[in-house]
Amino acid sequence: MPVWNVTNVGHLLNRTLFGYSKNDLSVAQGYGSLADLVDLALLKDNPAPAAPNTWVNTTPAASQTTSGETGTWYREFNYWWFKLMFKEGLNMQEKMVLFLHNHFANERDKVVYPQNMYAQNALFRKYAFGNFKQLVKEISIDPAMLIYLDGHNSRGSAPNENYARELLELFTMGIGNYTETDIKQAAKVLSGWQVSGLKANFVSTRWYTEASVTVLGKTAKFDVNSLIDHIFDQKATAEFICRKLYKEFVYYKPNETFISQMATVLRAANYEIKPLLKLLLTSEEFYKTAYIGSKIKNPTELMVGASKLLELPTPDYINMYEMSKVLQMQLFQPPDVAGWPGQREWISTTTYSYRGGFTDSLLTGKRYNGVAVTGKLVPVTYAQSFTNSEKAVEFVDDVCFLFLAFPPTVKKKAFLLETLLAGTIVKNYSTYTPGVNVNLQQFFKAVMRLPEFQLC
């Protein structure tokens, strides 16, 4: 079992949550062991949250788009999910929902209706810690997915291959483990489904008529469920899923030896995700020093995490929504079916400066374009919540420890201290000095503009 210390606890929270506050870290340490923190908090099953509004049950209609309701509802949907992330406590569920949203990527521009995207989001939440095989069975006939990858237009006599291709390539097995013939035959099996409003209906006359088809070396009269079962019988499937989870939560370069261990556990658990996550989050592999602070925060982690870190009582979800587009991670609008590639793709000369602009806005109360932000930080009040708030050197150390995944250089720390002191000397520093609010604002801005702040 890995060492129980504040460094490992912070690393665990960084990877499984959308950031954390001082209080979150304190509460997490109260569990006393990594196993208890994982079992009793991070992987605890949660009841389904209340829907964002009654529109989720409204039958999709073209008039909703022309009236502007579709756009309004998508905004509300985004705000709702941001709030779930911000209010997640010590639970990994929403992080897994985002992982699944990226794994089974659908774009709102193609799906169109937020009602269908909400149903899919709820499906991901239902199976966040559940059975991955069953999730694939249900996502295969999910209305949003049927629309997005053209399954609703697929007939056995003229099957559309889009979903069959992505099912094998992106969702379960990975390139190199199937043939073009497998795709063509699987597409026949996956045909016959149509979308009617909020539901998917199977129409037998639109299904394939052959007595059998051959997929991945097996000949049978497959239906959706038996086809998925067969795909999950393949050795490559468990390894592919485990590799994807490893790259998201551990390190972007997979350790294939450990991937094999993960796959063994996943197959033994009949594709239940919770035992796999428990193995992963309590393994020595997860806590290797080289992996701590090695992940570039995605924009959602950055925005929600910064708001948590500063303990904002009412974050500005409108600000998050607008910035998500600028930072190239608008929820429900990934770039394509492969999802957001992540890691180094999150940082460019453009997005890096806007990241700093977002964290600045939490302190200044103004977005990069001058629009007012609600719920900005009161720096003095926040600073005084730290034990060493009146000791400048120790206060800088405490803030760096909480805000950064690993310590900054001596030179950077000296720069931060100078920024905090703003011309005064250490022994004269106090949060009760007139004008110190400005100094603290500049100090927190400087910390969150460090390259290290972009890492978790």
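None of these values were measured; they are calculated from a predicted model. (Residues numbered from 1 in each chain as written. Predicted model: local features only at pLDDT ≥ 70, side-chain atom pairs only at ≥ 80, totals over all residues. Heavy atoms only, no water.)

Participant: Sorry if this is basic, but what is going on with the overall build of the chain here?
Facilitator: Across its full length, the chain holds 23 helices and 4 strands. For 456 residues, the compact-globule formula gives about 23 Å, and the C-alpha radius of gyration of the chain, at 24 Å, lands near that figure. Of all intrachain contacts in the chain linking residues separated by at least 6 positions in sequence, the fraction that spans at least 24 positions is 72%. About 18600 Å² of surface is accessible on the chain, with carbon and sulfur atoms providing 54% of the total. Between the centroid of the 46 positive side chains of the chain and the centroid of its 41 negative side chains there is a distance of 2 Å. (Helix = DSSP H or I, 4+ residues; strand = E, 2+ residues; numbered from the N terminus. Rg over C-alpha atoms; globule rule 2.2 N^0.38 Å. Contact = heavy atoms within 4.5 Å. Areas by Shrake-Rupley, 256 points an atom, 1.4 Å probe, with all protein chains shown as cover. Lys, Arg positive; Asp, Glu negative; His and termini not counted. Charge placed at Lys NZ, Arg CZ, Asp CG, Glu CD.)

Participant: Where do I start with the pattern of salt bridges in this structure?
Facilitator: The tally for this structure, following the rule as stated, stands at 23 salt bridges. Measuring nitrogen to oxygen at the nearest pair gives 3.6 Å for the salt bridge that ties R165 to E161. E322 serves as the salt-bridge partner of K325, at 3.4 Å between the closest nitrogen and oxygen. Highlighted residues: K325 and E322, both in helix α18 (residues 317-326), separated by 3 residues, approximately one helical turn. (Salt bridge = Lys/Arg side-chain N within 4 Å of Asp/Glu carboxyl O.)

Participant: How should the pairing of strand β1 (residues 193-196) be read in this particular structure?
Facilitator: Both faces of the sheet carry side chains from a regular strand, because those side chains alternate between them. The sheet contact formed by β1 and strand β2 (residues 199-202) spans 4 bridges and is antiparallel. Opposite V195, over in β2, you have A200 as the bridge partner. (Pairing = 2+ DSSP bridges.)

Participant: Can you help me understand the packing of aromatic side chains in this one?
Facilitator: Two measures describe an aromatic ring pair: the distance that separates the ring centres and the angle between the ring planes. With the rule as written, the count across this model stands at 33 aromatic pairs. Centroid distance F77 to F332: 4.1 Å. Interplanar angle 20°. Geometry classified as stacked. With F77 in helix α5 (residues 69-86) and F332 in the loop between α18 and α19 (349-364), this pair connects stretches of sequence that are 255 residues apart. We classify F77 as buried; its relative accessible area is 0%. Given the relative accessible area of 1%, F332 is considered buried. Where W80 meets Y118, the ring centres are 5.7 Å apart and the plane angle is 65°; that geometry is what we call edge-to-face. (Phe/Tyr/Trp six-rings, centres within 6.5 Å; stacked < 30°, edge-to-face > 60°. Buried < 20%, exposed > 50% of the residue type's maximum accessible area, 1.4 Å probe, protein only.)

Participant: Looking at this structure, how should I read the side chain of H230?
Facilitator: Tracing the backbone through its elements, the reader meets H230 in helix α13 (residues 224-232). Given the relative accessible area of 8%, H230 is considered buried. Beyond its immediate sequence surroundings of up to four residues, H230 is in contact with V215, L216, K218 and F222.

Participant: Looking at this model, I keep getting lost on the nonpolar core. Mind explaining?
Facilitator: Counting 147 residues, the largest nonpolar core has L13, M96, F104, F395, F403 and F444 as its most contacted members. Counting residues per element, this core draws most heavily on α5, which supplies 9 residues. (Core = buried A, V, L, I, M, F, W, Y, C linked by side-chain atoms within 4.5 Å.)

Participant: I would appreciate a short explanation of the side chain of N121 in the present structure.
Facilitator: Mapped onto the fold, N121 is located in helix α8 (residues 114-126). Owing to a relative accessible area of 1%, N121 belongs among the buried residues under this scheme.

Participant: Just checking my understanding: could you explain the packing of helix α22 (residues 410-421) against helix α23 (residues 436-448) for this structure?
Facilitator: The contact between α22 and α23 brings their axes to 7 Å, and the two run at 160°. It follows that α22 is roughly antiparallel to α23 by the angle criterion. Together, F415, L416, T419, L420 and L421 of α22 and N439, L440, Q442, F443, A446 and V447 of α23 make up the contact between the two elements. (Axes fitted to C-alpha atoms, helices over the stretch in contact; angles between N-to-C directions. Parallel < 35°, antiparallel > 145°, perpendicular 65-115°, else oblique.)

Participant: Looking at this structure, how should I read helix α21 (residues 392-403)?
Facilitator: An α-helix turns once every 3.6 residues. As a result, residues three or four positions apart point the same way. Taking 1.5 Å of rise per residue, the 12 residues of α21 would be expected to cover 16 Å, and the 16 Å separating its terminal C-alpha atoms lies within 8% of that figure. Residues A392, F395, V396, V399, C400, L402 and F403 constitute the buried set of α21. One side of α21 holds all its buried residues, which, seen down the axis, span an arc of 165°. Tucked inside the fold, the buried residues of α21 contact α2 (22-29), α17 (299-309), α20 (379-383), α22 and α23. (Expected span 1.5 Å × (residues − 1). Arc of directions from axis to C-beta.)

Participant: What is the right way to read unusual backbone geometry from this model?
Facilitator: The phi torsion of most residues other than glycine is negative, and most of the peptide bonds are trans. In this structure, Y271 takes a positive phi of about 70° despite not being glycine. Within the element layout of this structure, Y271 appears in the loop between α15 (256-268) and α16 (273-281). Taking the relative accessible area as the measure of exposure, Y271 reaches 3% and is therefore buried. Phi angles above zero are rare outside glycine, and Q343 is one such case at about 50°.

Participant: Please explain the environment of L227 as it appears in this structure.
Facilitator: Locating L227 in the fold gives a position in helix α13. If we skip the residues at most four places from it in the chain, L227 touches A186, V189, L190, V215 and F222.

Participant: So what exactly am I meant to see when it comes to the environment of Y178 here?
Facilitator: For Y178, the position within the fold is in the loop between α11 (162-172) and α12 (180-189). Take Y178: its relative accessible area is 15%, and that puts it in the buried class. Separated by 37 residues in the primary sequence, Y178 and V215 have C-alpha atoms spaced 8.7 Å apart. Other than its neighbours up to four places away in sequence, Y178 contacts L168, E169, I183 and L216.

Participant: Where do I start with α15 in this structure?
Facilitator: Under the 1.5 Å per step criterion, the end-to-end length of α15 is 18 Å for 13 residues, consistent within 8% with the ideal 18 Å. Every buried residue of α15 is listed here: F258, I259, M262, A263 and L266. Mapping the buried residues of α15 onto a view down its axis gives an arc of 145°, with all of them on the same face. Residues T257 and A268 are exposed on α15 and point more than 90 degrees away from its buried face. Residues of α15 that are buried sit in contact with α14 (235-249) and α16. Sitting at the head of α15, N255 places a side-chain oxygen 3.1 Å from the backbone nitrogen of T257. (Polar contact = N/O pair within 3.5 Å; in protein donor to acceptor, adjacent residues only side chain to side chain.)

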